[in-house]
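Here is what each chain is made of, one letter per residue.
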Amino acid sequence: GAGVSQSPSNKVTEKGKDVELRCDPISGHTALYWYRQSLGQGLEFLIYFQGNSAPDKSGLPSDRFSAERTGGSVSTLTIQRTQQEDSAVYLCASKKGWANTEAFFGQGTRLTVV
Amino acid sequence: EDKVVQSPLSLVVHEGDTVTLNCSYEVTNFRSLLWYKQEKKAPTFLFMLTSSGIEKKSGRLSSILDKKELFSILNITATQTGDSAVYLCAVDTGTASKLTFGTGTRLQVTL
């Protein structure tokens, strides 16, 4: 696609439910990042995929968070048993391969846990 | 641990003023420094800097990197209300690494 696409754009869920957030990167971009941004805060790194390499999961805050990337393209971030502190905007970005270039961001998913 | 620090945290200026935003970093491996503008949700790319002392310019915005002192500045001249946003600085630490972001500078330009 022309840009990074994320869905849904907004999600309201009840505490304790599981949610799945989707990211469709720019075609041909092998690097994909997930970040979380709480209200008024900076971007908190969650996970990074690069081609077929093992993902860098060092930013995932707990084992309730997981992500996968199928076929080197679409990625899904799953949050199990959501808590109110999970409420944030979840941003996905992609970049062309190993190149030293900029990353392009999607519009994000605003997650609200009530 | 890699660290990126931005200052000031927030800034209010009048239209027409010139502003300078700061970004300093401490990282184990440096590949590039990037500036983004975030108005609503999606940060949009402004500049990527890899070499010291070479100014990047786009209209009223410019940026420069000092790899010896480990900082970068983003200048905006003749500010307009449309420049109101959060400006994010990030460091790319290598081919197999994440982008590390600062907390951002919130700029508000008033009439």
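Preceding this paragraph is the structure being described.
Residues numbered from 1 in each chain as written. Chains lettered and ligands numbered in written order. Predicted model: local features only at pLDDT ≥ 70, side-chain atom pairs only at ≥ 80, totals over all residues. Heavy atoms only, no water.

Structural notes on the overall build of chain B
Move 1: For chain B, the helix and strand inventory stands at zero helices and 11 strands.
Move 2: Overall, chain B shows an N-to-C arrangement of helices and strands of β-β-β-β-β-β-β-β-β-β-β.
Move 3: Here the C-alpha radius of gyration of chain B, 13 Å, is about what a compact globule of 111 residues would show, namely 13 Å.
Move 4: Once the C-alpha set of chain B is aligned to its principal axes, its extents read approximately 45 × 30 × 20 Å.
Move 5: Counting across all 111 residues of chain B, residues that qualify as buried make up 46%.
Move 6: Long-range pairs, those at least 24 residues apart, make up 54% of the contacts in chain B with a sequence separation of at least 6. (Helix = DSSP H or I, 4+ residues; strand = E, 2+ residues; numbered from the N terminus. Rg over C-alpha atoms; globule rule 2.2 N^0.38 Å. Buried < 20%, exposed > 50% of the residue type's maximum accessible area, 1.4 Å probe, protein only. Contact = heavy atoms within 4.5 Å.)

Looking at the state of the cysteines
Residues and elements named next belong to chain B.
Move 1: In the structure shown here, the tally under the stated rule is two disulfides over all chains.
Move 2: A sulfur-sulfur distance of 1.9 Å marks the disulfide that ties Cys23 to Cys89. Residues Cys23 and Cys89 share a disulfide whose torsion about the S-S bond is about -65°; that sign makes it left-handed. In this pair, Cys23 sits in strand S3 (residues 19-26) while Cys89 sits in strand S9 (residues 85-92), placing the two residues 66 residues apart along the sequence. Both residues of the pair, Cys23 and Cys89, count as buried. (Disulfide = S-S within 2.5 Å.)

Remarks on the interface of chain B and chain A
Move 1: Taken together, the 22 residues of chain B in the interface contact 26 residues of chain A.
Move 2: Between chain B and chain A the total buried area reaches about 1900 Å² when both faces are included, carbon and sulfur atoms providing 55% of it.
Move 3: Viewed at the interface, chain A and chain B are joined by one salt bridge.
Move 4: Salt-bridge contacts for Lys95(A) lead to Asp92(B); the nearest nitrogen and oxygen are separated by 2.9 Å.
Move 5: The tally of links from chain B across to chain A stands at five residue pairs in polar contact (both at pLDDT 80 or more).
Move 6: Elements with a contribution of two residues or more to the side of chain B that touches chain A: strand S4 (32-38), strand S5 (43-49), S9 and strand S10 (99-101) of chain B. (Buried area = accessible area lost by both parts, 1.4 Å probe. Salt bridge = Lys/Arg side-chain N within 4 Å of Asp/Glu carboxyl O. Polar contact = N/O pair within 3.5 Å; in protein donor to acceptor, adjacent residues only side chain to side chain.)

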